[in-house]
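Here is what each chain is made of, one letter per residue.
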Amino acid sequence: MHIPDGFLATPVWAAMDAIAVPAVAYTARRAQREFDEARVPLLGVLGAFVFAAQMINFPVGPGTTGHLVGGALLSFALGPAAASVVMTAILSIQALVFQDGGVLALGANTINMALLGVLAGYLPFALWGGGRFRRLAIFAGGALSVLVSALAALSELLVSGVRMPLPVLGLSLALFLVSAVIEGAITLAIMEALLRIQPGAARADREFARPGWSRVLAMVSLAALVLASVGVLLASAAPDGLERLGEQTGINSRVRTLLHTPLSNYRAAFMHSDVLGKAAAGLAGVGLVYCACLALGRMAARNRSL
Amino acid sequence: MRHVVLDRWSRGSSAVHRRDPRAKIVPLLLLLIALATANRAVPLFAFELVLVLAAGLWWARVPVLGALARAALVLPFAASFAAIAWLGGDPARGLSLALKSYVSALAVLFVVSTTPLPALLRGLEAMGAPRFLLEVTQFLYRYLFLVSEEAQRMADAAAARNASLRSWRGSGERFRASAGALAVLFERSYMRAANIHRAMLARGFEGRLPTLSPSRFNVADVVFAVLSSAIPLALRLEGVKKVL
């Protein structure tokens, strides 16, 4: 899942870096607010733990082993912002010291694993971590963190034009599903063992009894995250599929554009280059979604503080 | 452990090692961008960059062959995609993928093997990276070896107890045992972090790691940065001219 340099098309890695820089700055500031700065050693040592945990193998079949990826586990223990910072630190060390993932691709890898992966891992736990579906929430968190990260990475590779025949794509998706189930099972087993040793180790025990807006937002975010990952993957794997379907059913001839948007046909109309246009449209779309989420977040925060 | 070698290389005393980290980070980024945006004559450009980086490693007295071999760590991943592109009838793209990822890894290795990680992180901080993130990274690197050794000891102990992973039998119990081992490792790491925190507070830590030798960007750094930025850019432009 660590994309090396040289694989992503320039508009893709540049756009991902451009999104990752402010996103990481924001999460770092948020984590700094949540954590007393003098507790930085805790985050560093837990980052080292995730690294080291990858040395412990779990039996998942005859002669086959899996290992923890750790994004979801960290988010359960530290909260999403701090977990994102720790995962970003891990990815930076992996890129610099272990040649695992590229430096220009660090933005993409950070978005996939440290931001989307951590968020996808955390949301089921935020929703159901305190109730009777707790075990399921932990399992789903672990599984989703891996699945969303992998689908995002695969989408970026496909959008960049990396060739992947259908059987290879199918095999990759099957492997991702298996890895996701393994991560979910490992995360659940560790959390159960951890809660036996230290009850209250999970942050959810202290925080998630809050109903209302935040719960709805978490649900919407989770659904959006999963749908976006699957949707982008499908769109990048079969970009002409929807158009072909439209032609076959004759819908295209009957459809009239009600509102001529600058992002129509997934391309910014004011850009002449195909690739640049698509990237700009993508960026603008992400920007719009980001603004909408920000506005919703602000509204939710204001409502809670009243 | 593999990364100990890199740590040893980075503690050298050559002229390259003495350069300010920023004078290496900027040319590295320019080289990576020049390589990533190259679409034509990639094999020639990649070969020229390998020669330049090998010369730089030799100048820095870092084992050249060792570094060339270490950069090949990216090849298994790159080669599988390159093979798919090759079999799909696009051998040029396959070769380009493998070469770009290899040379990029070698360039990163050149910088990391001539700059100790704490200095590299200080350089990134001077260039505007969030300090909180860099301090977490620094602590992570500092305790990586310690926690990894502990994990290795636990894995060895499990192997000594005949916890083989060769058959299905008892795999449920072994799965739970591995989870238990990791929970113990997590708990120990947490306690270790608390002890470190207390010890650092006792020594006057207020959330910021002090720097004993603040780096200064001198004339030699400027010359190094300009020259090492110019080489990949000149090679890239020369390659474009040849193609045109």
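Residues numbered from 1 in each chain as written. Chains lettered and ligands numbered in written order. Predicted model: local features only at pLDDT ≥ 70, side-chain atom pairs only at ≥ 80, totals over all residues.

Draft legend 1. Local environment of the overall build of chain A. For chain A, the helix and strand inventory stands at 12 helices and two strands. Starting at the N terminus and walking to the C terminus, you meet the elements of chain A as α-α-β-β-α-α-α-α-α-α-α-α-α-α. Residues classed as buried in chain A amount to 48% of the 306 residues present. Residue pairs in contact within chain A that sit at least 24 positions apart in sequence constitute 74% of those at least 6 positions apart. (Helix = DSSP H or I, 4+ residues; strand = E, 2+ residues; numbered from the N terminus. Buried ≥ 20, exposed ≤ 12 C-beta atoms within 10 Å, placed from the backbone. Contact = placed C-beta atoms within 7 Å.)

Draft legend 2. Highlighting the environment of Pro199(A). If you trace the backbone, Pro199(A) turns up in the loop between α7 (166-197) and α8 (204-207). Along the sequence, Pro199(A) and Val45(A) sit 154 residues apart, while their C-alpha atoms lie 20 Å from each other.

Draft legend 3. Local environment of the confidence of the model for chain B. A residue-level look at chain B finds 89% of positions with pLDDT of 70 or above and a mean pLDDT of 84. For this predicted complex, the interface confidence reaches an ipTM of 0.87, while the overall pTM sits at 0.79. (pLDDT = per-residue confidence, 0-100.)

Draft legend 4. Structural context of the interface of chain B and chain A. Taken residue by residue, the interface counts 71 residues in chain B and 62 residues in chain A. Broken down by secondary-structure element, the contributors of at least two residues to the side of chain B that touches chain A are α1 (2-10), α3 (21-36), α6 (75-87), α7 (91-112), α9 (131-160) and α10 (171-202) of chain B. A per-class count over the side of chain B that touches chain A returns 45 nonpolar, 15 polar and 11 charged. (Nonpolar A, V, L, I, M, F, W, Y, C, P; charged D, E, K, R; others polar.)

Draft legend 5. Here's a closer look at the packing of helix α4 (residues 80-97) of chain A against α9(B). Direction vectors running N to C along α4(A) and α9(B) enclose 60 degrees, while the axes themselves pass 9 Å from each other. Classified by the interaxial angle, the pair formed by α4(A) and α9(B) is oblique. In terms of crossing hand, the pair formed by α4(A) and α9(B) is right-handed. On the side of α4(A), the interface is formed by Val85(A), Val86(A), Thr88(A), Ala89(A), Ile90(A), Ser92(A) and Ile93(A), while α9(B) contributes Phe132(B), Leu133(B), Val136(B), Thr137(B), Leu140(B) and Tyr141(B). (Axes fitted to C-alpha atoms, helices over the stretch in contact; angles between N-to-C directions. Parallel < 35°, antiparallel > 145°, perpendicular 65-115°, else oblique. Left-handed = near helix turned anticlockwise from the far one by under 90°.)

Draft legend 6. Looking closely at the environment of Ala108(A). All names here are of chain A. Along the chain, Ala108 falls in helix α5 (residues 106-128). Taking the number of C-beta atoms within 10 Å as the measure of exposure, Ala108 has 27 and is therefore buried. Spatially, the C-alpha atoms of Ala108 and His2 are 9.1 Å apart, while their sequence positions differ by 106 residues. If sequence neighbours within four positions are ignored, Ala108 has contacts with Ile3, Leu8, Trp13, Met16 and Glu156.

Draft legend 7. Geometry of unusual backbone geometry. Backbone geometry places Gln99(A), a non-glycine residue, at a positive phi of 50 degrees. For Gln99(A), a count of 26 C-beta atoms within 10 Å corresponds to the buried category. If you check the backbone angles, Arg61(B) has positive phi at about 55 degrees while not being a glycine. On the basis of neighbour counts, which here come to 15 C-beta atoms within 10 Å, the residue Arg61(B) falls in the partly exposed class.

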